[in-house]
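Reading the structure
If you want the building blocks of each chain, they are given just below.
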Amino acid sequence: MTLSEKQRLFTKLVGELITWSYANGYELTFGEAQRGKLQAEANAAEGVGIASSNHLRRLAVDLNLFLNGEYRVDSEAYKPLGDYWKSLSTSECECAWGGDFHKPDGNHFSVEWNGVR
Ligand SMILES: [Zn+2]
């Protein structure tokens, strides 16, 4: 699968995640999707991301979760979305949830590319 093909599949899968979320009582707003190289490097220097982030490749999105109108920042609140997201994985496209990362990042949804999640 080429990068362009994976980017298009990722976008389609994010649509499915959003649809599932609203059908299950979750509301969302968009956070960061594409990130520039300088921002990724600055984030990495501050320890809030990695310089090779999949946000650079249009393979990651941060979604802001609202439950009963309340904005949630705790990764645990995002777990049902993370579980659903991972269930969309196929043999050629691994969907990764930031809540599983060494440093949990619950609002981050991405697909694997060359070992980066
Ligand atoms: Zn992210």
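Structure: above.
Residues numbered from 1 in each chain as written. Predicted model: local features only at pLDDT ≥ 70, side-chain atom pairs only at ≥ 80, totals over all residues. Heavy atoms only, no water.

Focus: the environment of Glu94
For clarity, the threshold we go by: A helix here means a DSSP run of H or I that spans at least four residues, while a strand means a run of E at least two residues long, and both kinds are numbered starting from the N terminus. By the convention used here, residues are in contact when the closest approach between their heavy atoms is within 4.5 Å. Pairs of N or O atoms are called polar contacts if they sit within 3.5 Å, as long as, within protein, a hydrogen donor faces a hydrogen acceptor (for residues adjacent in sequence, only side-chain-to-side-chain pairs).
When you line up the elements, Glu94 lands in the loop between helix H3 (79-87) and strand E4 (95-97). A C-alpha to C-alpha distance of 12 Å links Glu94 and Met1, two positions 93 residues apart in sequence. Beyond its immediate chain neighbours, meaning those up to four positions away, Glu94 contacts Ser89, Ser110, Val111, Glu112 and Arg117. Among the polar contacts made by the side chain of Glu94, one reaches the side chain of Arg117 at a distance of 2.9 Å.

As for the packing of aromatic side chains
As a reminder of what qualifies: Pairing of aromatic rings covers Phe, Tyr and the six-membered ring of Trp, with a centre-to-centre limit of 6.5 Å; geometry is then stacked below 30 degrees between planes, edge-to-face above 60, and tilted otherwise.
Taken as a whole, this structure holds 5 aromatic pairs when the rule is applied. Within the aromatic cluster, the residues linked to one another by ring pairs are Phe10, Trp85 and Phe109.

Observations concerning the side chain of Glu112
One can find Glu112 in the segment after strand E5 (108-111). Here the side chain of Glu112 touches Gly115 through a polar contact of 2.5 Å, landing on its backbone nitrogen. With near-sequence residues (within four places) excluded, Glu112 lies in contact with Lys6, Asn54, Glu94 and Arg117.

Some words on the coordination of the zinc ion
The condition that has to hold: Note that water is not among the atoms considered, so a metal site may appear incomplete; the donors listed are N, O and S atoms within 2.8 Å of the metal, with 3.2 Å applied to Na, K and Ca. Throughout, exposure labels follow a simple rule: accessible area from a 1.4 Å probe, protein chains only, divided by the maximum for the residue type, with under 20% read as buried, over 50% as exposed, and the rest as partly exposed.
Those protein atoms acting as donors to the zinc ion are His55 (NE2), Asp62 (OD) and His108 (ND1), and they sit at 2.0 to 2.1 Å. Within one chain, the residues serving as donors to the zinc ion are arranged as H-x6-D-x45-H. Within this pair, whereas Asp62 is found in strand E2 (residues 60-67), its partner His108 is found in strand E5, the two being separated by 46 residues in sequence. The same class applies to Asp62 as to His108, namely buried.

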